[in-house]
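Letter by letter, the chains look like this.
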Amino acid sequence: MPTADDLFRPTAVHAVPDAPETVEPAEPAPGALPKPSGRIRHDEKMTVYVTSDELIHIEQARLALRSGHGLAVDRGRLVREAVALVLADFDAHGDDSVLVRRLTEG
């Protein structure tokens, strides 16, 4: 099963003729969060539908980050960060993760 780190790391390294050997980055410490992708061009797209209330909460969080912490982030980055956090928690805690608990509530 892929880890959260696998989801945020390129899966292939393309060799360049006569180039020095590529060195893989060191593995993060156990429990470390995956490095966020930040403001880069993303090649993959996924459409997610949210309720009006969920969208308002996302926008309120974005505005709170801007006004209270000086962080100008867009909604996409905010959502990617949230996904990275929940996947890291799932990798670290499995059946005891917040994700499993929330999905099994019912």
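Residues numbered from 1 in each chain as written. Predicted model: local features only at pLDDT ≥ 70, side-chain atom pairs only at ≥ 80, totals over all residues. Heavy atoms only, no water.

Considering helix H2 (residues 52-69)
- A rise of 1.5 Å per residue sets the reference length of H2, with its 18 residues, at 26 Å; its end C-alpha atoms lie 25 Å apart and thus fit the reference within 8%.
- Positive backbone phi, approximately 70 degrees, marks glycine 70, located one or two places after H2. (Helix = DSSP H or I, 4+ residues; strand = E, 2+ residues; numbered from the N terminus. Expected span 1.5 Å × (residues − 1).)

Points about the packing of H2 against helix H3 (residues 75-93)
- The contact between H2 and H3 brings their axes to 10 Å, and the two run at 100 degrees. Relative to H3, the element H2 lies roughly perpendicular. Contacts between H2 and H3 involve Leu55, Ile58, Glu59, Ala61, Arg62 and Leu65 on the former and, on the latter, Arg75, Leu78 and Val79.
- Among the residues making up the contact of H2 with H3, the classes are represented as 6 nonpolar, no polar and 3 charged. (Axes fitted to C-alpha atoms, helices over the stretch in contact; angles between N-to-C directions. Parallel < 35°, antiparallel > 145°, perpendicular 65-115°, else oblique. Contact = heavy atoms within 4.5 Å. Nonpolar A, V, L, I, M, F, W, Y, C, P; charged D, E, K, R; others polar.)

Description of the confidence of the model for the protein chain
- Summing up the model confidence of the protein chain, the mean pLDDT is 78 and the portion of residues at 70 or higher is 62%.
- Here residues 4-26 is modelled with pLDDT under 50, and outside its nearest four sequence neighbours on either side it reaches 13 contacts, counting other chains as well. (pLDDT = per-residue confidence, 0-100.)

Focus: the side chain of arginine 62
- For arginine 62, the position within the fold is in helix H2.
- Classification of arginine 62 by relative accessible area gives buried; the value is 18%.
- When neighbours within four sequence positions are excluded, arginine 62 is seen to be in contact with Val73, Asp74, Arg75 and Leu78. (Buried < 20%, exposed > 50% of the residue type's maximum accessible area, 1.4 Å probe, protein only.)

What to know about a nonpolar patch on the surface
- Nonpolar side chains collect at one region of the surface, where Met46, Val48, Val50 and Leu55 lie side by side and expose about 390 Å² of accessible area between them.
- You can see leucine 55 is positioned in helix H2.
- With relative accessibility at 36%, the residue leucine 55 sits in the partly exposed group. (Patch = residues over 30% accessible without salt bridge, like charges linked within 9 Å, V, L, I, M, F, W, Y side chains within 5 Å. Areas by Shrake-Rupley, 256 points an atom, 1.4 Å probe, with all protein chains shown as cover. Salt bridge = Lys/Arg side-chain N within 4 Å of Asp/Glu carboxyl O.)

Brief notes about the pattern of salt bridges
- Inspection of the entire model under this criterion finds 4 salt bridges.
- Between glutamate 59 and arginine 62 there is a salt bridge; the shortest N-O distance is 2.5 Å. Of this pair, glutamate 59 and arginine 62 both sit in helix H2, separated by 3 residues, roughly a single helical turn.
- On the basis of relative accessible area, glutamate 59 is assigned to the partly exposed category, the value being 22%.
- A salt bridge links glutamate 81 to arginine 77; the shortest N-O distance between them is 3.9 Å. Note that glutamate 81 and arginine 77 are positioned in helix H3 at a spacing of 4 residues, about one turn of the helix.
- The partly exposed category is assigned to arginine 77, whose relative accessible area is 27%.
- Residues joined in a network through salt bridges with shared partners are Glu59, Arg62 and Arg75.

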